[in-house]
Amino acid sequence: MSNSRSTPRAGQSNEERERVFDAFRRWGYYQAQLDPLGLFQPLAYPDLALTGPLADEARRYYCGTIGAEFMHLPQPERRRWIAERLEAEAPAVNQKKILERLIRADLFEQVLQARYLGTKRFSLEGVTALIPLLDEILDTAGEHGALESVMAMSHRGRLNVMVHAACKPPHEVVAGFEDVDPRSVLGAGDVKYHVGATGTYTTSRGAEIRVHLASNPSHLEAVDPVAMGRARAKETRRAGARADAAALAAVRNQVLPIVMHGDAAFAGQGIWAETLNLADLQAYTVGGTIHIIVNNLIGFTTRPAQEHSARFASDISKRQSVPVFHVNAEDPGAVVRVGRLAAEYRATFGGEVVVDLIGYRRHGHSEVDDPTITQPLLYERIKHHAPLWKIYAERAALDPAPLAAAVRAEYETEQAQAGKLTKAPQMRQLPPYWSPYRWSRYDPQFEVDTGVAPGQLAKLTDKLVRAPQAFHVHPKIVKLLEQRAEMGHGKRPADYGFAESLAFATLLSGGTPVRLAGQDSQRGTFNQRHAVLIDTKTEEEYLPLAHLAPGQPFCEIHNSSLSEAACLGFEYGFSRDYPEALVMWEAQFGDFANSAQIIIDQFISAGEDKWNLPSGLVLLLPHGFEGQGPEHSSARIERFLQLCAEHNMQICQPSTAAQYFHLLRRQVLRPWRKPLIVFTPKSMLRHPDASSPIEAFAQPRFQPVVPDHDVRDAQRILLASGKVGHELRAERRRRKDTHTAILFLEQLYPTPRPELIAAIAEHPHAREIVWVQEEPANMGPLFYVLPRLERLAKARGLQVRSVKRSASASPATGSAKAHELEQKTLLQLAFTTHAGG
């Protein structure tokens, strides 16, 4: 690597210079002066035990208040680009602007502390250099065409960033301390340091960047993939209808993702590692994210040596081609320099970059903690350490007193204004693309017809089963396409896989984009989808759904990485900024969603209630008891139903291919936007009982309850959901039973009360209703359905019973023979009067 800055001095060879500089480029960060308090000392490193003018020059570049890790990058042009900039003289900075921003960051916290003593706010004091760092990143991004920035962070410093980066009026932030939000009284809303903010940042050159600071729960890194998904959706929107890789790359610099992390969380939280792995994958790339570790060198009460095995919290990022810039937070000039370097790197190469901003935490984990109990020596030193703005003013020979007095008065006025508020400030408005949609409680007026005429389905089928000329389709897939052609033309019933393709095709032809990502989703876990054809000679891919018509909306079907939390969080984020698209995440097996429980609990089920942020995301979770053992049977219906309230989600289990078709279309064609959890079949995917004639796709709508027209005026009613309903009907045929009706409850939540009442009323002489499920008594929909069923039955004088497996700590047996015996017993009990419980 050549040095672009200077030529070798007399008596120095290029080889000698490269040898010395290479050592410092590789290892100089070990001896950088990074800790403002001097506790995190430079590390002696043998390769740096060099003397002489060359070593002194290299040490000045690489062992000062910036420590750079970049020689692990496999791309020589990136290494050269970074070295050239680090080995140049530091550019001049606007010291007055930096001082003003440091004063604002610090005094904002102090005014809050004086007025709300003993109240949690998770202060930024000790790393207030974050504010000029964000300024420089946004200014530089603006020079490269940035129009929007999606930011994410945990609670520490959030209020400060709201005011100084997201540009939310200070009195609106302070209003959170006055607790004037009536939503909180009614059980909604969230604490002030978890909510998001949206505002317009004006760069030093007058450009405007719309900043979106994402809401985040106390699960520190949970927001990471959500922010990435939001950024990808915004880039996709700007890229135009097709939104292919080239179009996305062309708009990359218009959207800037910035994620701020704590040092303990960066090193310790698995969802962050999963999210980082998505960075360069086609399905997830956002053209690089700037990551900032707001590094206090402590996590709650835990020291770095107890937090991470590596020397730096940032070391996990080096598993990929990601440069890391450590910087001492009390050298604001170096901080600003690194901010520009990071933003230019991202704009130039479209890659991830990490800034490790190393400072300290002036107070405890929160302002009500006493940190002297666990770190007495550290906090004795902090107690006597001046705020950064005072240190910087002295270093820059600037008088801070007039500005500090003016800023303090300004924030005290804002605080007084907040204290006079009698109601919470108006909640932020969602972007214009949300205006056609509703996310209140369900209203039947939201319903629309979802049926499609057979003739239109036949035309789309012809395009779905066609591959390009000279494209070598696998012989087994050729046969599958022939069968699908027959399905689409009404010559054989359509199975789930083709019903889904027809749903996607009809939506795309009507102008609705489609995005599906999940584990093995291109083919399908159960060999059922085959949305992407693979050329057997070249392994070239072809997605028929993306070639239905010129100018059609984008259709993306991706295999995800083997991650649940990050991938689901990403799709949730995408759905937040693309409400008009059908956005889906699919688990390989339904219980794999367990690994994404934080995303489900904190965002999908509660995001609207906490933050007034709706989503129309669809989860596809394979579910069914088929003897495959505890881990591949249950998608944990009970957990999702437990999260249901206030019409926050839809929980459905479609029993036929046509029902699945209508359900997917309903999700985007009606204006009601709520997450949809679909428990999809496994063994029933191609089963004749669950397949549908083409005429069923022309029926008007999805049926929340499927009535039984095969038995008239039954004496007993069995109510079930999913596969077991088909097994019950098969058992009824075997028994030649003519007095038992079997109803399918397709929508578990919101409870379809009118439809259920109507289906029961078709059997006026029925004496009892039996809820039948294949899940154990402590799982499945039983706890949710039974009380509601009892209330409905009471009005008609009907007895209510249930048939289910015995309560169990594990969802299912590991023995196929035991499963068969249990299932057989379950069906027998369902048809036995007064059996079960």
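Since the model is a prediction, treat every value here as computed from it, not as a measurement. (Residues numbered from 1 in each chain as written. Predicted model: local features only at pLDDT ≥ 70, side-chain atom pairs only at ≥ 80, totals over all residues. Heavy atoms only, no water.)

Section: the overall build of the chain
The number of helices and strands found in the chain is 29 helices and 22 strands. Compactness check: the chain gives a C-alpha radius of gyration of 30 Å against a globular reference of 28 Å for 837 residues, within 12% of the reference. Counting only residues that meet the buried cut, the chain has 60% of its 837 residues in that class. When the accessible surface of the chain is totalled, it reaches about 32400 Å², and 51% of it is carbon and sulfur. Within the chain, one finds 96 positive and 95 negative side-chain charges whose respective centroids are separated by 4 Å. (Helix = DSSP H or I, 4+ residues; strand = E, 2+ residues; numbered from the N terminus. Rg over C-alpha atoms; globule rule 2.2 N^0.38 Å. Buried < 20%, exposed > 50% of the residue type's maximum accessible area, 1.4 Å probe, protein only. Areas by Shrake-Rupley, 256 points an atom, 1.4 Å probe, with all protein chains shown as cover. Lys, Arg positive; Asp, Glu negative; His and termini not counted. Charge placed at Lys NZ, Arg CZ, Asp CG, Glu CD.)

Some words on the packing of helix 26 (residues 723-735) against helix 29 (residues 816-830)
As a packed pair, helix 26 and helix 29 sit with axes 10 Å apart at the nearest point and diverge in direction by 65°. Relative to helix 29, the element helix 26 is oriented roughly perpendicular. Helix 26 and helix 29 meet at a crossing whose hand is right-handed. Along its contact with helix 26, which presents Lys 723, Val 724, Glu 727, Leu 728, Glu 731 and Arg 735, the element helix 29 presents Gln 823, Leu 826, Leu 827, Gln 828 and Ala 830. Of the residues that constitute the contact of helix 26 with helix 29, the class distribution is five nonpolar, two polar and four charged. (Axes fitted to C-alpha atoms, helices over the stretch in contact; angles between N-to-C directions. Parallel < 35°, antiparallel > 145°, perpendicular 65-115°, else oblique. Left-handed = near helix turned anticlockwise from the far one by under 90°. Contact = heavy atoms within 4.5 Å. Nonpolar A, V, L, I, M, F, W, Y, C, P; charged D, E, K, R; others polar.)

Let's talk about the sheet that holds strand 3 (residues 197-202)
Read from one edge of the open sheet, eight strands run 1-7-8-6-5-2-4-3, paired in mixed fashion. Of all strands in the sheet, those with a lone pairing partner are strand 1 (66-69) and strand 3, marking the two edges. Across the sheet, the mean angle separating the axes of adjacent strands is 20° when strand polarity is ignored. Strand direction decides the pairing type here: strand 3 and strand 4 (residues 208-213), joined by six bridges, are antiparallel. (Pairing = 2+ DSSP bridges.)

Focus on helix 2 (residues 53-62)
For helix 2, the complete set of buried residues consists of Leu 54, Ala 55, Glu 57, Ala 58, Tyr 61 and Tyr 62. One face of helix 2 carries all of its buried residues, which in axial projection span an arc of 160°. (Arc of directions from axis to C-beta.)

Comments concerning the environment of Arg 576
One can find Arg 576 in helix 21 (residues 565-576). On the basis of relative accessibility, which here comes to 5%, the residue Arg 576 falls in the buried class. Taking the C-alpha atoms as reference points, Arg 576 and Asp 331, separated by 245 residues in sequence, lie 38 Å from one another. Here Arg 576 is in contact with Arg 230, Leu 430, Tyr 433, Trp 434, Leu 613 and Pro 614, once residues within four sequence places are set aside. There is a polar contact of 3.5 Å between the side chain of Arg 576 and the backbone oxygen of Pro 614. (Polar contact = N/O pair within 3.5 Å; in protein donor to acceptor, adjacent residues only side chain to side chain.)

Section: the side chain of Gln 653
On the secondary structure map, Gln 653 appears in the loop between strand 15 (650-652) and helix 25 (657-669). Overall, the relative accessible area of 5% leaves Gln 653 in the buried class. The contact partners of Gln 653, leaving out residues within four places of it in the chain, are His 623, Ile 637, Phe 679, Ser 721, Gly 722 and Glu 746.

Concerning the confidence of the model for the chain
Taken over all residues, the pLDDT of the chain has a mean of 93, while the share at 70 or more is 96%. Every residue in residues 2-6 scores below 50 in pLDDT, and together they form 16 contacts with partners more than four places removed in sequence or on other chains. (pLDDT = per-residue confidence, 0-100.)

Focus on the sheet that holds strand 13 (residues 582-586)
Read across the open sheet, the seven strands follow the order 12-9-13-14-16-15-20; overall the sheet is mixed. Lying at the two open borders of the sheet, with one neighbouring strand each, are strand 12 (555-559) and strand 20 (747-749). Put simply, the sheet's adjacent strands are angled 20° from each other on average, direction ignored. Where strand 15 meets strand 16 (residues 676-680), three bridges bridge the pair, whose relative direction is parallel. Within strand 16, the residue paired with Ile 651 across the bridge is Ile 677. Contacts from helix 21 reach strand 9 (514-518), strand 13 and strand 14 (618-622), with the element oriented near 170° to strand 13.

Remarks on unusual backbone geometry
Across the junction of Tyr 749 and Pro 750, the peptide omega takes the value -10°, indicating a cis bond. Here Pro 750 shows up in the loop between strand 20 and helix 27 (753-761). Positive phi, close to 55°, is recorded for Glu 646, a residue that is not glycine. Of note, Glu 646 is situated in the loop between helix 24 (637-642) and strand 15. By relative accessible area, which is 43% here, Glu 646 ends up partly exposed.

Section: the pattern of salt bridges
Enumeration according to the criterion identifies 46 salt bridges in this entry. The shortest N-O distance in the salt bridge between Arg 104 and Glu 100 comes to 2.8 Å. With Arg 104 and Glu 100 both in helix 4 (residues 95-115) and four residues apart, this pair spans about one turn of that helix. When the shortest N-O distance is used, the salt bridge between Arg 801 and Glu 768 registers 3.0 Å. You can see Arg 801 sitting in strand 22 (residues 799-805) and its partner Glu 768 sitting in strand 21 (residues 768-776), a full 33 residues away along the chain. Grouping residues by exposure puts Arg 801 and Glu 768 together as buried. The network of salt bridges with shared partners includes Glu 136, Glu 143, Arg 205, Arg 340 and Glu 344. (Salt bridge = Lys/Arg side-chain N within 4 Å of Asp/Glu carboxyl O.)

Some remarks on the pairing of strand 7 (residues 324-328)
Across the five residues of strand 7, five count as buried, placing the element largely inside the fold. The sheet contact formed by strand 1 and strand 7 spans four bridges and is antiparallel. Counted as the bridge partner of Ala 68 is Phe 325 from strand 7. Relative to strand 8 (residues 353-358), strand 7 is paired through five bridges, and the arrangement is parallel.

Focus on the nonpolar core
Residues Leu 545, Leu 619, Leu 621 and Ile 651 are the most contacted members of the largest nonpolar core, which totals 134 residues. Here this core gets nine residues from one element, more than from any other, and that element is helix 20 (residues 496-509). Setting aside residues up to four positions removed in sequence, Leu 545 forms contacts with Leu 464, Ser 501, Phe 504, Ala 505, Leu 508, Gln 552, Cys 555 and Ile 557. Ile 103, Leu 112, Tyr 201 and Leu 256 belong to the second largest nonpolar core, which has 87 residues in total. (Core = buried A, V, L, I, M, F, W, Y, C linked by side-chain atoms within 4.5 Å.)

What to know about the packing of aromatic side chains
Considering all chains together, one arrives at 33 aromatic pairs under this definition. Aromatic side chains Tyr 284 and Phe 570 sit 4.8 Å apart centroid to centroid with 90° between the ring planes, which places their arrangement in the edge-to-face category. Taken as a pair, Tyr 284 in the loop between helix 12 (270-277) and strand 6 (290-295) and Phe 570 in helix 21 lie far apart in primary sequence, 286 residues in all. Of the two residues examined, Tyr 284 and Phe 570, each falls in the buried class. Among the aromatic residues, those joined into a cluster by ring pairs are Trp 27, Tyr 29, Tyr 30, Phe 40, Tyr 45 and Phe 312. Across the ring face of Phe 574, the terminal group of Arg 515 is positioned such that the distance to the ring centre comes to 5.0 Å. (Phe/Tyr/Trp six-rings, centres within 6.5 Å; stacked < 30°, edge-to-face > 60°. Lys NZ or Arg CZ within 6 Å of the ring centre and 35° of its normal.)

Re the layout of surface pockets
Approximately 870 Å³ is the volume found for the largest pocket. When residues of the lining of the largest pocket are traced back to their parent elements, those giving at least two are helix 9 (223-239), helix 10 (245-250), strand 11 (541-542) and strand 12. At five residues, the largest contribution of residues to the lining of the largest pocket is made by strand 12. Of the residues assigned to the lining of the largest pocket, the class counts are 17 nonpolar, ten polar and eight charged. (1 Å grid on protein atoms, 1.4 Å probe; cavity = no way out; pocket = protein on both sides within 12 Å on 5 of 7 lines; lining within 4 Å. Points joined across faces, edges and corners; volume = space filled by probe spheres on them.)

As for the environment of Phe 744
As for its position among the elements, Phe 744 is in strand 19 (residues 740-745). With a relative accessible area of 1%, Phe 744 lands in the buried category. In this structure the C-alpha to C-alpha distance between Phe 744 and Ser 655, which are 89 residues apart in sequence, comes to 7.4 Å.

What to know about empty space enclosed by the protein
Inspection of every chain in the model, using the stated rule, returns 13 cavities of 30 Å³ or more. Quantified by volume, the largest cavity comes out at close to 110 Å³. Lining the largest cavity are Tyr 496, Gly 497, Glu 500, Phe 526, Gln 528, Arg 529, Glu 586, Pro 622, Tyr 660, Thr 680, Pro 681 and Leu 685. No other element matches the three residues that helix 20 contributes to the lining of the largest cavity. The residue makeup of the lining of the largest cavity, split by class, is six nonpolar, three polar and three charged.

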